[in-house]
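A look at the structure
Here is what each chain is made of, one letter per residue.
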Amino acid sequence: MDSTSLAGAIRSANSKALEILLQGDPVLIDVLPARDLIPELKEHTILHAGPPIEWDRMCGPMRGAVAGVAVFEGWAGDLDEAGVQAAKGCFEFHPNHHFSAVGPMTGLTTCSQPLLVVENRATGNRAYCTVNEGLGKVMRFGGNDESVRDRLAWIRDSLGPALGTALRCCGGIPLRPLVTRGLTMGDEMHQRNVACSSLLLRELAPALASAVADHSDLSEMLAFMGSNDQFFLNIAMAMGKSIMDPVRNIEQSTVVTAMTRNGTDFGIRISGLGDEWFTAPVEMPAGLYFPGFSAADANPDMGDSTIIETIGLGGFAMAAAPAVAGFVGAGSVAEAAGITARMREITLGEHPEWTIVSENYQGVPTGIDIRLVVETGIVPTINTGIAHREPGIGQVGAGVVKAPMACFEKALRALGERLGLS
Amino acid sequence: MSDQNDAPDTGRMCPELLQSPPRVINVGLAVFAADLDAQDVDVIHVDWRPPAGGDEGLARLLSMLAD
């Protein structure tokens, strides 16, 4: 194939990829136990954030979460025993991404945990994510003590089933219009979900009230969701996964279909190369820290939540969320707008409905093209939480991090080889 | 041998250049633009860098894959 026809083939493939991406119609439809949704998720199997990794290369918070979830599932009597079992190879590890799932930070998914179910009604596929646990000492940030496990048990036994009943009762909640409104209210759906969490609660509360007979239980659930500004994050992540999975496997497409990190490696996938991972060491976030913590406490970048940036939200929509720019230490409102402007240089299109008021309703930049990343030297900017580097402590801050250029260069070289160019 | 007649007519250009304030387009390193700006010189900065960070192999590959 000569270069002119090759360029045309890539243009056509990317046009198809962008069309599927922009037509995504995600609806939150259910909450069900993971074992009912992912048949491969047996006892002693743990799904994690990021590209594939085994115990010996896992970072501190990931190990802490593994120990915690093993005790939570009843596979180990205590955290020490769980660590010994993990080192002996008693647990099987796989990425969430291999099972239509995503998870924030450590992102652990095990068989008994309830999962949010988002269906992309444009393509019919479904994607899953755990229920957000709140802030501070939580398992996604490596927390693993009794308080963390008790909260997970309450989500498993009370909140999860109630949310499932409520969602089935109300017929599901369309997410595309909800995110449209959230953007106009200052959310970027990664580090700021205040508006979308509130909008969701407003839609869900009547059905939840019908689903939960005990007023005390209902009050506890509403208080939990109402006090958690990031409750919507996990829903946005399942939404992102449901939108991006149908974009995979378009021959010759250079569009990024996943970006994710496990605290050790950052990995990306591109449409034209299917499910192959292109990895590089993760970078350290630059950000602001909670009182008593500093950069010396921080773990490197971690989590599947970069699926948010992959669809054009999070750091890509920073201009819509000036309040978050200060929270994550990204600088002024003008600098926030500058980040979104730079992301426009590495993307193929704009979302027709997810628009930014302060930019005259211009759509968020979406459809990352590895060619543009490598050519310009501009890498995706990601908003992120920061975990303590030691197991068991939890979140210590929030910040901004860059995707490593090496992932995009590797993907480009691999595509060149696939196309017989090198 | 070069033809001296091809040389620019600097005799007419230089006085005008030297008599008016400098107007600068800076390409590449932003620090030069920042220094001029600090001295109240009008400067427009163009944020440019070599494609693929100057990696010739990647730049060649990009040229084959480009629109």
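Right above here is the structure, for reference.
The model shown is predicted, which means the values in this text are computed figures rather than measured ones. (Residues numbered from 1 in each chain as written. Chains lettered and ligands numbered in written order. Predicted model: local features only at pLDDT ≥ 70, side-chain atom pairs only at ≥ 80, totals over all residues. Heavy atoms only, no water.)

**Comments concerning the environment of M105 of chain A**
Residue and element names in this part refer to chain A. Convention followed: Note on conventions: DSSP H or I runs of at least 4 residues are helices, E runs of at least 2 residues are strands, and numbering of each starts at the N terminus. Contact definition: two residues touch when any of their heavy atoms are within 4.5 Å.
Relative to the elements of secondary structure, M105 occurs in the loop between β4 (101-102) and β5 (114-120). Between the C-alpha atoms of M105 and R140, which are 35 residues apart in sequence, the distance is 5.2 Å. Ignoring sequence-local partners within four residues, the contact set of M105 consists of A49, R140, F141, M302, G303, D304, T384, G385, I386 and A387.

**As for the sheet that holds strand β10 (residues 278-281) of chain A**
All names here are of chain A. Here is the rule we go by: Strands are treated as partners if at least two bridges between them are detected by DSSP.
Pairing is antiparallel in the open sheet, where four strands are placed in the order β10-β9-β8-β12. The open sheet is flanked by β10 and β12 (302-303), the only strands paired with a single partner. As paired elements, strand β8 (residues 256-262) and strand β9 (residues 265-270) share five bridges and run antiparallel to each other. Among the inter-strand pairings, M259 is bridged to a residue of β9, identified as I268.

**Notes on the state of the cysteines**
Residues and elements named next belong to chain A. The line we're drawing: The rule for a disulfide is simple: a pair of cysteine sulfur atoms within 2.5 Å. Using a 1.4 Å probe on the protein chains alone, a residue whose accessible area is under 20% of its type maximum counts as buried, one over 50% counts as exposed, and one in between counts as partly exposed.
This structure, assessed with the given rule, holds zero disulfides over all chains. Unpaired in this structure, C407 has its nearest cysteine sulfur neighbour in C59, at a distance of 16 Å. Take C407: its relative accessible area is 0%, and that puts it in the buried class.

**Notes on the packing of aromatic side chains**
Residues and elements named next belong to chain A. Put simply, the test is: What counts as a ring pair is set by centres within 6.5 Å for rings of Phe, Tyr and Trp (its six-membered ring), and what kind of pair is set by the plane angle: stacked under 30 degrees, edge-to-face over 60, tilted for all other angles.
One pass over the full model with this rule turns up two aromatic pairs over all chains. Here W75 and F91 contribute two aromatic rings whose centre-to-centre distance is 5.8 Å and whose plane-to-plane angle is 40 degrees, an arrangement assigned as tilted. In this pair, W75 sits in the loop between α3 (60-72) and α4 (79-88) while F91 sits in the loop between α4 and β3 (92-95), placing the two residues 16 residues apart along the sequence. Accessibility assignment for this pair places W75 and F91 in one class, buried.

**Focus on helix α7 (residues 194-211) of chain A**
Residues and elements named next belong to chain A. The condition that has to hold: An expected span of 1.5 Å times one less than the residue number is assigned to each helix. Fitting axes to the seven residues ending at a residue and to the seven starting there, one defines the bend at that residue as the angle between these axes.
Between the first and last C-alpha of α7 there are 24 Å, a value that for 18 residues agrees with the 26 Å anticipated at 1.5 Å per step. Maximum bend of α7: about 45 degrees, positioned at L204, with proline P206 one to four residues after it. Those residues of α7 not exposed but buried are A195, C196, S197, L199, L200, L201, L204, A207 and L208. The secondary structure elements touched by the buried residues of α7 are β1 (26-33), α5 (146-170), β7 (173-174), α6 (175-184), α8 (215-226) and α9 (231-244).

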